[in-house]
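# Structural characterization, general
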Amino acid sequence: MDILDVVSELKTKNDSKIVMLIADGIGGLPIEPGGPTELEAAKTPNLDRLAKLGVLGSMIPIKPGITPGSGPGHLGLFGLDPLKYVIGRGVLEATGIGFQVGPDDVAIRCNFVTLNADGTIKDRRAGRIPTAESAPLAVKLRQIKIPGVEIFVEPVQEHRFAVVFRAAGLGARVNDTDPQKTGVKPLDPVGEDPASQRTADIARQFVAQAEKLLAAEPKANGLTMRGFSKKPALPTYQETYGLKAAAIAVYPMYKGLASLVGMEIVGQPKTLEDEVALLARVWNDYDFFFVHFKYTDSRGEDGNFGEKVKMIEQLDAIVPRIEALRPTVLVVTGDHSTPAAMASHSWHPVPVLLSARTVRPDACQTFGETEALRGGLGQFEAVYLMPLLLAHAGRLAKFGA
């Protein structure tokens, strides 16, 4: 019996409200020895006030030393072991924009890129091309035809778009074509088994036709493909936790993951302000609220310490509006760390702030990595966050006699 089985057996119902406020990639590192992390450098009076009243801890997204992608990082937050339940980024991207991924589909998350004249990558995100410019280019790629395959191309956001290949017998064990660096050519797609090699051959044909269609574009004249995947079967929030759950997010990928675990996607917010306003509007309709803030992560990936600090401060400013709704349990954390000093995701534990009437307060006075290391929650794996939230919400019965 694993933790999900235990929680499912112990779940009870009441009228409590749980808010999971996720600042994507919130964990960081000092940019100079002895200096503060981004979270520690930020002015966060509201989070610091909650830290004094609540309890802190450090959360390991997967296992010590393992750097998570956004999908595995969020699966852990939702209580699913990322090593057991593997979801590809393509399915997340496609599901997040409302595409119904079928059993014969392989979904792929694609990036528009800027290629040099020699075919090497100049910019992996095409200058973060605005959605207004990228969406028509994605639609243009619908002209691509490959015999025996139904192809769907869907705009997502900025440089991202989704591609779905539909045909019987396709495999999804295909490598990413993004080399994760500039100055080199995109990688060739290669399948790990015959069914996946067929998918890789289709992908190669797709890229070749796409580059011809995009050749005259100043920014997005090429593409890379990531997260070849098929739709998995996952336990849902209703089945496992007995919760009617809402997902409030701007970026499609996070909506996709929430949808796969049975959350209802609420509204079409564009900003953090929109998200908080939407939270208030649907407050009476759900038990659990997943609220996602992306820009702490993207500023960290850009290597911009100062901008990540500003994003954390922006998050702090909306906390009183969430408190005003009087949630039974409020947790503030992230899916992983994205230190600006590394300009990438990392394996470092993520600080966690838990606020509820039933917490046992610790001695922590501010919300940051250093304080979290001595917090009362200790250091724990992300899969145990949901049981903690349910317990503090009074939604878990006693185990055993």
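The structure contained in this document is the topic of the report that follows. Source: prediction; values computed, not measured.

Here we come to the overall build of the chain. Counting its secondary structure elements, the chain contains 14 helices and 13 strands. Against the globule reference of 21 Å for 401 residues, the chain gives a C-alpha radius of gyration of 21 Å, in line with a compact fold. Its C-alpha atoms put the chain at 60 × 50 × 40 Å along the principal axes. A burial count over the chain gives 57% of its 401 residues as buried.

Right, let's get into the sheet that holds strand 9 (residues 264–265). Read across the open sheet, the eight strands follow the order 9-8-10-1-11-12-2-13; overall the sheet is mixed. Edge positions in the sheet fall to strand 9 and strand 13 (378–381), since each has one partner strand and no second. The sheet strands contacting helix 3 (residues 45–53) are strand 2 (55–60), strand 11 (329–333) and strand 12 (350–356), and the helix crosses strand 12 at an angle near 70 degrees.

Next up on the list: the environment of Phe152. Mapped onto the secondary structure, Phe152 falls in strand 5 (residues 150–157). Residue classification places Phe152 among the buried residues on the basis of a relative accessible area of 18%. The spacing of Phe152 and Ala107 is 45 residues in sequence and 9.2 Å in space, taken between C-alpha atoms. In this structure, Phe152 is in contact with Phe99, Ala162, Val163, Val164 and Arg166, ignoring residues within four places of it in sequence.

A few words on the packing of aromatic side chains. Taken as a whole and assessed by the stated rule, the structure comprises eleven aromatic pairs. Centre to centre, the rings of Tyr251 and Tyr295 are 5.9 Å apart; their planes meet at 75 degrees, and the pair counts as edge-to-face. Linking Tyr251 in the loop between strand 8 (245–248) and helix 9 (252–260) with Tyr295 in helix 11 (residues 295–301), this pair joins segments that are 44 residues apart in sequence. In this structure Tyr251 comes out as buried when scored by relative accessible area, which is 5%. Classification of Tyr295 as partly exposed rests on a relative accessible area of 22%. For the pair Trp283 and Phe289, a centre-to-centre distance of 4.8 Å together with 10 degrees between the ring planes defines the contact as stacked. Neither residue differs from the other here; Trp283 and Phe289 are each classed as buried. Among the aromatic residues, those joined into a ring-pair cluster are Phe78, Tyr237, Tyr241, Phe288 and Phe290.

Moving on: the packing of helix 10 (residues 272–281) against helix 12 (residues 305–323). Viewed as axis vectors pointing N to C, helix 10 and helix 12 meet at an angle of 15 degrees, and their least axial separation amounts to 11 Å. Between helix 10 and helix 12, the angle is such that the two are roughly parallel. As for the relative orientation of helix 10 and helix 12, their crossing is right-handed in sense. When helix 10 is examined against helix 12, the residues Leu272, Glu273, Val276, Ala277 and Leu279 are found in contact with a partner set consisting of Gln314, Leu315, Ile318, Arg321 and Ile322. Each residue belonging to the contact of helix 10 with helix 12 can be placed in one class, and the counts come to seven nonpolar, one polar and two charged.

Scoring rules and cut-offs
- Residues numbered from 1 in each chain as written.
- Predicted model: local features only at pLDDT ≥ 70, side-chain atom pairs only at ≥ 80, totals over all residues.
- Heavy atoms only, no water.
- Helix = DSSP H or I, 4+ residues; strand = E, 2+ residues; numbered from the N terminus.
- Rg over C-alpha atoms; globule rule 2.2 N^0.38 Å.
- Buried < 20%, exposed > 50% of the residue type's maximum accessible area, 1.4 Å probe, protein only.
- Pairing = 2+ DSSP bridges.
- Contact = heavy atoms within 4.5 Å.
- Axes fitted to C-alpha atoms, helices over the stretch in contact; angles between N-to-C directions.
- Phe/Tyr/Trp six-rings, centres within 6.5 Å; stacked < 30°, edge-to-face > 60°.
- Parallel < 35°, antiparallel > 145°, perpendicular 65-115°, else oblique.
- Left-handed = near helix turned anticlockwise from the far one by under 90°.
- Nonpolar A, V, L, I, M, F, W, Y, C, P; charged D, E, K, R; others polar.

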